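# Examination of the molecular architecture
Read off the chains here:
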Protein chains: 2
Amino acid sequence: MPLISELPVYRPAIAAEWIDYNGHLRDAYYGLIFSYAIDDLMDRLGIDEAYRKSTGNTLYSLEMHVFFLREVKQSDEIHVVSSLVGADKKRLHLATALHCNRFPEAAATAEFMLLHVNQGETVKSAPFPPDVRARVDALAALSASLPPVGAASRKIELR
Amino acid sequence: MPLISELPVYRPAIAAEWIDYNGHLRDAYYGLIFSYAIDDLMDRLGIDEAYRKSTGNTLYSLEMHVFFLREVKQSDEIHVVSSLVGADKKRLHLATALHCNRFPEAAATAEFMLLHVNQGETVKSAPFPPDVRARVDALAALSASLPPVGAASRKIELR
């Protein structure tokens, strides 16, 4: 598996049942699309199904902060770009942006904190193995060389 | 419709398809459960289907920050408690906690910023009508008299 040389892009189709009574993508389904984009990113980093089965290791989400910026309709073509704000030996601070063909700017952005764990008798955090870490570091370096994909998370407050 | 006299509680069943390859509720489906809890809260505040149809007004999510604290399994009994951190003439700053029968503490918490809008030719923010505002204010006052239902949102960062 090669190192990552461009920001991962994930292109889902929008399911009809993801549209709510407001006539657009329900808030939670932006989250589901980001979640599937993370699955795709995991495959690219080598945290794929074969790795998960052979090691018992996987990623858990600790935090997620989504900004809903535009209404997305079922007919829209969308894609999600992923980048790494940072990483350490067992965590990924991920920034993602959902783009829609109708808008020049992102239709939603989200940040995630993800933890690499071993699902044994008890679930414990675990360092990335060297080959995964090399891919993580390559994506972090690439991400740092490019503009941020979205706004940073923040404390939610009435202003 | 009476004013709200206790924090709204929403009790969903967990669908089998919400469980992912890690053997627990996929991160995004915590978000879907919170989203359904908000629909339930909207009904209680009078922002229900009849109101939406007659006025063209509804709530849009602007931001969502979720803390994933415990793994939730399909067999778990769960409920979501909602409270208001604050509100103004057209926004709700909502705090929610997902509780599970297996844990004394919340299994996840989430904050949302929600905006009351009119879906006309263009979507525009709109003040709550007086009867909705009275229910909002009652829930905000009740929430302020009780302990917070979850941790406040924050900037996501590696520490």
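So, here is what we can say about the structure in this document. Note that the structure is a prediction, hence the values are computed from the model and not measured.

Moving on to the overall build of chain A. Counting its secondary structure elements, chain A contains three helices and six strands. Computed over its C-alpha atoms, the radius of gyration of chain A comes to 16 Å, within 12% of the 15 Å expected for a compact globule of 159 residues. Taken along the three principal axes of its C-alpha coordinates, chain A extends 45 × 35 × 35 Å. Out of the 159 residues belonging to chain A, those deemed buried represent 55%. The contacts of chain A with a sequence gap of at least 6 include a subset with a gap of at least 24, amounting to 68%. Summing over all exposed atoms, chain A offers an accessible surface of approximately 7100 Å²; the carbon and sulfur share of this is 52%. Put simply, chain A has 17 plus and 20 minus side-chain charges, and the middle of one group is 5 Å from the middle of the other.

All names here are of chain A. Two elements in contact, helix α1 (residues 27–45) and helix α3 (residues 130–144), have axes whose closest approach is 9 Å; the angle formed by their N-to-C orientations is 120°. Along its contact with α1, which presents L41, R44 and L45, the element α3 presents V132, R135, V136 and L139. Taken together, the residues that form the contact of α1 with α3 break down as five nonpolar, no polar and two charged.

Residues A:F34, A:L98, B:F34 and B:L98 are the most contacted members of the largest nonpolar core, which totals 96 residues. For A:L98, the residues in contact, after removing those within four places along its chain, are A:Y30, A:I33, A:F34, A:V72, A:I78, A:H79, A:V80, A:A106, A:A107 and A:A108.

Using the criterion set out here, one finds six aromatic pairs over all chains in the structure. Pairing B:F34 with B:F112 gives two aromatic rings, centres 6.5 Å apart and planes at 65°, and the pair type is edge-to-face. Remark: B:F112 occurs in strand β5 (residues 108–119) and B:F34 occurs in helix α1 (residues 27–45); sequence separation between them is 78 residues. Classification of B:F34 as buried rests on a relative accessible area of 0%. In this structure, A:R52 is placed above the aromatic ring of B:Y21, and the distance from its NZ or CZ to the ring centre is 3.8 Å.

Conventions used here
Starting afresh in each chain, residues are numbered from 1 along the sequence in its written order. Naming scheme: in the order in which they are written, chains are lettered from A and ligands are numbered from 1. Only residues with pLDDT of at least 70 are given local features in this predicted model, and only at 80 or more are side-chain atom pairs given and counted; all residues enter the totals for whole chains, interfaces and linings. To obtain the side-chain values, all non-hydrogen atoms of the structure were used and water was disregarded. Helix and strand assignments come from DSSP, with helices taken as H or I runs of at least 4 residues and strands as E runs of at least 2, each series counted from the N terminus. Values of the radius of gyration come from C-alpha atoms, whereas the globule rule sets the reference at 2.2 Å times the count of residues to the power 0.38. Residue exposure (1.4 Å probe, protein chains only): buried if accessible area is under 20% of the type maximum, exposed if over 50%, otherwise partly exposed. Here, residues are in contact when the closest pair of their heavy atoms is within 4.5 Å. Each accessible area is a Shrake-Rupley result for a 1.4 Å probe, and residues are judged covered by the shown protein chains and nothing else. In this tally Asp and Glu are treated as negative and Lys and Arg as positive; neither His nor the chain ends contributes. A single reference atom marks each charge: NZ on Lys, CZ on Arg, CG on Asp, CD on Glu. The convention used is that axes are lines fitted to C-alpha atoms, helices contributing only their stretch in contact, and that angles between N-to-C directions extend from 0 to 180 degrees. Ten residues, namely Ala, Val, Leu, Ile, Met, Phe, Trp, Tyr, Cys and Pro, are considered nonpolar, four, namely Asp, Glu, Lys and Arg, are considered charged, and the remaining ones, Gly among them, are considered polar. Here, the term nonpolar core denotes a set of buried Ala, Val, Leu, Ile, Met, Phe, Trp, Tyr and Cys residues that are joined through side-chain atoms within 4.5 Å. In this analysis, rings of Phe, Tyr and Trp, with Trp reduced to its six-membered ring, are considered paired at centre separations within 6.5 Å, and the interplanar angle assigns stacked below 30 degrees, edge-to-face beyond 60, and tilted for intermediate values. We call a charge positioned over a ring when the NZ of a Lys or the CZ of an Arg lies within 6 Å of the ring centre and within 35 degrees of the ring normal.

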